[in-house]
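Residue-level structure breakdown
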There are 2 protein chains.
Amino acid sequence: MNDHSCVKMKTAIIERKKRMTERSTATRRPTIKEVARLAGVSHQTVSRYLRSRNGLKPDTLARIDAAVSELNYRPNLVARSMRTRRTGRLAILLPTVAFNPARMLHGATEAAHEGGFSVEVVSVIGDTGTRTERMLEIAGTGQVEGILALAPLSPGFEDHLPHGETIVVAPDFDDEMRGIGELADASPLVELMEGLVEFGHRRFLHVAGNLQFASARARKAAYLETIERLGLESAGAVDGDWSGKSGYDAVHSLPDEALPTAVVAANDVVAAGAIRALIDRGLDVPGQVSVTGWDNNEVCQYLPPALTSVEVDLESLGRNAMLSLIKSISGRDLEPPPGPLQRVVWRESTGPAHR
Amino acid sequence: MNDHSCVKMKTAIIERKKRMTERSTATRRPTIKEVARLAGVSHQTVSRYLRSRNGLKPDTLARIDAAVSELNYRPNLVARSMRTRRTGRLAILLPTVAFNPARMLHGATEAAHEGGFSVEVVSVIGDTGTRTERMLEIAGTGQVEGILALAPLSPGFEDHLPHGETIVVAPDFDDEMRGIGELADASPLVELMEGLVEFGHRRFLHVAGNLQFASARARKAAYLETIERLGLESAGAVDGDWSGKSGYDAVHSLPDEALPTAVVAANDVVAAGAIRALIDRGLDVPGQVSVTGWDNNEVCQYLPPALTSVEVDLESLGRNAMLSLIKSISGRDLEPPPGPLQRVVWRESTGPAHR
DNA sequence: TCGAAAATAGTGATCGTTCACCATTGCAGG
DNA sequence: CCTGCAATGGTGAACGATCACTATTTTCGA
């Protein structure tokens with residue numbers, strides 16, 4: 001074990017004690033006026049310097065530069081907010097199910113940072129109503145300029161937004177599947193099904209995710225549309241909730257004669273549940289039934305059989321969603337990252353249809 | 001597909017347009033003075049009312065109550081921050097690997113909310129150095145009163161904290177395994193190993209997580225200590241990085257004669273990798289080798305065989321970590337949630353030792 | 001009924017920045 | 001040497017709350 005660690009924790013606690021006792025004598029942060037005095041200019045000149053260094057004599061500029069770094073000056077953003085009436089803060093509303101939000105969060109927060117915003121993250125366990133309520137509460141404080149909701153909100157929430165000041169972008173509500181709706185782009189599902197058809201599959205089963213999510217709705221819609229278009233058989237499009245249990249139950253409750261030769265699950269967790277149910281029924285995957293997932297969950301790559309899935313560039317997805325929020329707020333149009341955001345990865349869980 | 005959704009998106013965009021054009025004529029938020037005027041009292045009286053309603057005549061109180069709700073008044077927190085020199089904001093530094101942070105984040109943000117703080121979340125991809133740098137940058141802005149680091153930081157980071165104003169709590173650095181060090185409590189690992197010994201296992205293998213994490217160090221230490229204490233054989237304690245690949249490689253590279261009868265993995269993903277490597281070598285789990293994980297990953301419950309793991313109450317863990325930060329800052333001692341935070345769940349991947 | 005203490009209310013300064021406006025300087029052209 | 005215009009710099013008032021005071025009213029025992 002690493003000895004340094006104990007030392008570290010102690011130091012942190014000392015740090016705290018120091019602060020407690022020194023609170024009164026704590027060295028205050030330098031202000032714009034002190035910088036001005038040291039540089040021999042007025043505070044207004046320093047204020048100009050802070051926002052844009054244009055329009056200042058090179059000499060003045062150098063003197064302020066020196067003063068700033070000597071005092072280690074950092075502008076007080078609270079005071080700035082107060083005067084400008086802009087907080088530069090955004091909020092992200094996070095779902096607590098469905099997928100690991102870490103990478104998506106990373107993409108979103110980085111994009112916000114680059115756009116000069118700081119981000120408050122709120123994750124809400126509970127139903128759509130609770131989440132919406134919490135969102136309205138946050139909007140009501142006037143502390144944030146915009147909210148990015150990565151989880152479904154109640155219909156009609158806009159009517160309760162106070163003062164029309166806070167902008168809410170909810171990519172998951174865009175069923176048009178473009179731009180900020182990338183989250184709900186179900187086209188890889190079509191690719192999966194067409195691939196399975198090439199393998200000779202004709203009879204499918206879909207286990208959907210929580211249909212409050214646009215992505216779940218889009219996948220289900222794409223499934224039904226593809227069944228129709230290619231004239232396939234469907235053993236059903238079962239409503240689920242992104243859980244392994246929903247996948248297990250959907251397969252488990254199917255009568256023998258109704259079994260499909262391919263299961264298209266809404267995500268990898270559901271797929272894992274479905275595979276287990278198939279195995280428990282004594283069926284071989286992919287020998288007798290093929291299964292596909294979505295999200296490229298790391299564990300599912302090590303499943304026996306390794307799961308065919310859709311690799312999703314969650315980081316870019318998060319970034320794009322945030323960029324669209326920033327665009328709504330500031331009008332600035334930042335360029336989204338290039339490249340495809342979703343890609344089918346064929347693995348062992350899919351194969352030729354059993355006859 | 002749900003028709004409501006399109007409507008919703010359009011409304012959101014309308015909301016935005018409205019704001020753009022109305023920016024000038026936007027109704028300003030009411031201030032404390034307007035409330036005072038409407039209630040027929042001084043602004044100071046309203047200020048008192050806002051912080052504690054004690055010490056006001058019932059009559060006055062009722063009048064202010066009425067004025068507040070009539071104007072729909074909400075205090076301007078920026079102005080308050082400015083005067084009190086307290087921002088009421090905390091930051092959480094998130095790792096982007098190792099585990100799904102959603103529930104932990106939820107626990108932490110809820111606790112902060114209850115304590116009257118708002119939370120900024122920052123997730124940093126990259127090495128410890130990058131993360132530490134970013135943390136110091138955040139501390140330097142003076143915008144946050146404290147930082148909760150759920151990912152490892154570079155040793156000696158405290159020396160670079162500016163002004164000693166921002167408190168940093170890094171539970172992961174506490175190797176004492178108590179209080180805020182619950183994250184690193186490895187005692188369930190001992191329980192796992194003792195259970196395996198009862199099953200007749202004598203020869204073990206440990207695949208560790210990223211040793212920059214205290215939890216990984218604690219588990220490895222507990223493993224080695226238990227081997228020693230019970231006089232068992234160890235096929236090694238391989239250093240890993242929380243990835244499935246590290247689990248797969250660790251087992252894959254072992255010579256036949258060095259194989260253990262039980263693999264204790266640092267987490268479920270590593271365990272899944274290890275199981276796959278065992279299967280690929282033609283070994284049966286748990287028939288020939290038992291495997292344990294950690295985190296109770298949902299997918300792993302549907303693995304064939306369902307993985308024996310450690311259920312972790314991530315929400316409470318996150319809450320506790322946040323409570324300790326709040327305690328450091330405000331001295332307030334909020335009660336942590338009761339109950340055990342980690343619990344061994346025996347499933348199919350463990351069984352009697354093969355002889 | 002009076003006086004002192006306690007309870008309640010009011011006044012003006014203050015936090016650190018930006019904004020609106022005015023003052024000064026430099027420079028070219030008459 | 002003066003005028004006019006740009007370029008730069010300075011002054012004081014916001015922003016909306018809290019704090020440290022002071023002022024007024026109420027309470028209550030003697």
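These figures come from a predicted structure and were not determined experimentally.

Quick look at the packing of helix α3 (residues 43-51) of chain A against helix α4 (residues 58-71) of chain A
All names here are of chain A.
- Where α3 meets α4, the axes come as close as 11 Å, and the angle between the chain directions of the two elements is 85 degrees. Here α3 is positioned roughly perpendicular relative to α4, judged by the angle of their axes. Contacts from T45, V46 and Y49 of α3 reach α4 at T60, L61, I64, D65 and V68.
- Its residues assigned to classes, the contact of α3 with α4 comprises five nonpolar, two polar and one charged.

Observations regarding the protein's contact with DNA strand D
- As a structural note, the neighbourhood of DNA strand D is formed by 28 residues, with S42(A), R85(A), I32(B), S47(B) and R51(B) the closest of them.
- Q44(B) places a polar side-chain atom, nitrogen or oxygen, 3.1 Å from a base nitrogen of DNA strand D.
- In the model, a phosphate oxygen of DNA strand D is placed 3.1 Å from a nitrogen or oxygen of the R80(B) side chain.
- Only α3 and α5 (77-84) of chain A together with α3 (43-51) and α5 (77-84) of chain B provide two or more residues apiece to the surface near DNA strand D.
- Broken down by element, the surface near DNA strand D gets its largest block of residues, five residues, from α5(B).
- For the surface near DNA strand D, the class distribution of residues is eight nonpolar, 12 polar and eight charged.

So, the packing of helix α10 (residues 244-252) of chain A against helix α11 (residues 268-280) of chain A
All names here are of chain A.
- Look at α10 against α11: their axes get within 6 Å of each other, and the N-to-C directions meet at 35 degrees. When you trace α10 past α11, the crossing you get is right-handed. Within the contact between the two elements, α10 uses G244, S246, G247, Y248, V251 and H252 and α11 uses V269, V270, G273, A274, R276, A277, L278 and D280.
- Within the contact of α10 with α11, the residues separate by chemical class into seven nonpolar, five polar and two charged.

Regarding the sheet that holds strand β8 (residues 290-292) of chain B
Residues and elements named next belong to chain B.
- Here four strands make up an open sheet; going across it, the order is β6-β5-β7-β8 and the pairing parallel. Every other strand in the sheet has two partners, leaving β6 (233-238) and β8 as the edge strands with one partner each. Sheet twist, expressed as the average angle between the axes of neighbouring strands with direction ignored, equals 15 degrees.
- With three bridges connecting them, strand β7 (residues 262-265) and β8 associate as parallel partners. Each residue of the ladder has a partner; that of V264, found in β8, is T292.

Observations concerning the protein's contact with DNA strand C
- I32(A), R51(A), Y73(A), S42(B) and T60(B) are the nearest of the 29 residues found near DNA strand C.
- Within 4 Å of the protein, the atoms of DNA strand C are drawn from sugar and phosphate moieties in a proportion of 57%.
- Interatomic distance of 3.1 Å between a side-chain N/O atom of Q44(A) and a base nitrogen of DNA strand C.
- When contributions to the surface near DNA strand C are tallied by element, the ones reaching two or more residues are α2 (32-39), α3 and α5 of chain A together with α3 and α5 of chain B.
- When residues of the surface near DNA strand C are assigned to their parent elements, the largest contribution, five residues, is made by α5(A).
- Among the residues forming the surface near DNA strand C, the class breakdown is eight nonpolar, 12 polar and nine charged.

Observations concerning the nonpolar core
- If you look at the biggest cluster of nonpolar residues, it comprises 88 residues, and the most contacted ones within it are I92(A), M322(A), I92(B) and M322(B).
- In this view, M322(B) contacts L90(B), I92(B), A108(B), A111(B), A112(B), V119(B) and L148(B); residues no more than four positions away in its chain are not counted.
- Of all hydrophobic cores here, the second largest spans 55 residues; its members include L205(A), V251(A), V207(B) and V269(B).

Quick notes on helix α7 (residues 128-140) of chain B
- Here α7(B) spans 18 Å end to end across 13 residues, near enough to the 18 Å set by a 1.5 Å rise per residue.
- The set of residues buried in α7(B) consists of T128(B), R131(B), T132(B), R134(B), M135(B), I138(B), A139(B) and G140(B).
- Turning to α7(B), the residues buried within the fold contact α6 (102-114) of chain A together with β1 (89-94), β2 (118-123), β3 (146-149) and β4 (167-169) of chain B.
- A positive backbone phi angle near 70 degrees is found at G142(B), which sits one or two residues after α7(B).

Conventions we followed
- Residues numbered from 1 in each chain as written.
- Chains lettered and ligands numbered in written order.
- Predicted model: local features only at pLDDT ≥ 70, side-chain atom pairs only at ≥ 80, totals over all residues.
- Heavy atoms only, no water.
- Axes fitted to C-alpha atoms, helices over the stretch in contact; angles between N-to-C directions.
- Helix = DSSP H or I, 4+ residues; strand = E, 2+ residues; numbered from the N terminus.
- Parallel < 35°, antiparallel > 145°, perpendicular 65-115°, else oblique.
- Contact = heavy atoms within 4.5 Å.
- Nonpolar A, V, L, I, M, F, W, Y, C, P; charged D, E, K, R; others polar.
- Near = heavy atom within 4 Å.
- Polar contact = N/O pair within 3.5 Å; in protein donor to acceptor, adjacent residues only side chain to side chain.
- Left-handed = near helix turned anticlockwise from the far one by under 90°.
- Pairing = 2+ DSSP bridges.
- Core = buried A, V, L, I, M, F, W, Y, C linked by side-chain atoms within 4.5 Å.
- Buried < 20%, exposed > 50% of the residue type's maximum accessible area, 1.4 Å probe, protein only.
- Expected span 1.5 Å × (residues − 1).

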